[in-house]
Every structure is written in structure tokens, then in C-alpha cells.
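Coordinates in review
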Amino acid sequence: TRDKTTIVFGSHDGFIRCVNIDGGIEWTFNTNAAILSTPLAVDNFKRLIIPTSAGAIYSLSSDTGLEDKEPLQLDGEIFSSPCAGISHCEGTEIYVGCRDSCIYKIRV
């Protein structure tokens, strides 16, 4: 996160976990689906973008782990890690591959 040393990661049990440098849990978030990719920090580390194996893409506050937008649902599983693009409009654009044989460009 922006103001302290933490690590955010997902796991097969569907939880996103944020742990501090001492190994203590700062927050958790349950996606109800395995997370097989790396979370992407956007907006100067204010938000995290997390895709799941069920095809949902979550946007969470990096400070609290709370959802800041409704999840976006794609038509296939997501195993790839998202990457950020440069947007000349409001918002951040990400790219993510999906098991429906498509690569998506999404404004988050």
C-alpha cells in the first residue's frame, strides 16, 4: 500500500490477503473463486485490480481491502495477470487475457 510496507496476494482458497512486514494480516477479502494471477496496483497504489478463475475482476482499496466498484464479469476463466496501459482519458486502462480466447482492454 502507499504509506506502509505490505504485501498483497491471492490464493487458491479465493482470499486476497494483505500482510504487513511482520507477517500480521492487515485485511482479507473473499472472492469465492481461486486467484491464480498477481494483483495489479493502479492509481498510485490506491486501488488493486484482482482477476479470479471464475472470470470476475475486482477493484479494491489497497488501504482497506473494500470493494470500490462492482466486479466486472467476463465470459471465461482468468489465469493471466492484468497489466496497466496509459490512458489519455479519465480512469486507468488495463489489459487482461481470458479463457474465452479474448484479450480485454478495460477502463477501471
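1. Side note on the environment of glycine 14
Position of glycine 14 relative to the elements: it lies in the loop between β1 (6–10) and β2 (15–20). Take glycine 14: its relative accessible area is 0%, and that puts it in the buried class. Here the alpha-carbon distance between glycine 14 and aspartate 43, two residues 29 residues apart in the chain, equals 24 Å. If near-sequence neighbours (up to four positions away) are discounted, glycine 14 is found in contact with Phe29, Asn30, Thr31, Asn32, Ala33, Ala34 and Ile35.

2. Examining the environment of tyrosine 104
As for its position among the elements, tyrosine 104 is in strand β10 (residues 102–107). With a relative accessible area of 21%, tyrosine 104 lands in the partly exposed category. The spacing of tyrosine 104 and isoleucine 94 is 10 residues in sequence and 7.9 Å in space, taken between C-alpha atoms. Sequence-distant contacts of tyrosine 104, defined by excluding residues within four places in its chain, comprise Leu74, Ile94, Tyr95, Val96 and Cys98.

3. Section: the packing of aromatic side chains
The description of two aromatic rings rests on the distance between their centres and on the angle between their planes. For the structure on display, the rule yields 1 aromatic pair. Taken together, a centroid distance of 5.4 Å and an interplanar angle of 65° make the contact between phenylalanine 29 and tyrosine 58 edge-to-face. Of the two residues, phenylalanine 29 is situated in strand β3 (residues 25–30) and tyrosine 58 in strand β6 (residues 56–61); the sequence distance between them amounts to 29 residues. Tyrosine 58 carries the same exposure label as phenylalanine 29, and that label is buried.

4. Some details on the sheet that holds strand β4 (residues 40–42)
Sheet architecture is open: 4 strands sit in the order β4-β5-β6-β7, paired in antiparallel fashion. Of all the strands in the sheet, the pair left with one neighbour each is β4 and β7 (72–73).

5. Observations regarding the pairing of β10
For strand β9 (residues 93–98) and β10, the ladder comprises 6 bridges, and the chain directions are antiparallel. Residue isoleucine 94 lies in a different strand from β10, and its bridge partner there is isoleucine 106. Taking the residues that link successive antiparallel strands as the turn, the β9-β10 hairpin has 3 residues, and the phi of serine 101 there is positive, at about 70°.

Quick notes on the rules
- Residues numbered from 1 in each chain as written.
- Predicted model: local features only at pLDDT ≥ 70, side-chain atom pairs only at ≥ 80, totals over all residues.
- Heavy atoms only, no water.
- Helix = DSSP H or I, 4+ residues; strand = E, 2+ residues; numbered from the N terminus.
- Buried < 20%, exposed > 50% of the residue type's maximum accessible area, 1.4 Å probe, protein only.
- Contact = heavy atoms within 4.5 Å.
- Phe/Tyr/Trp six-rings, centres within 6.5 Å; stacked < 30°, edge-to-face > 60°.
- Pairing = 2+ DSSP bridges.

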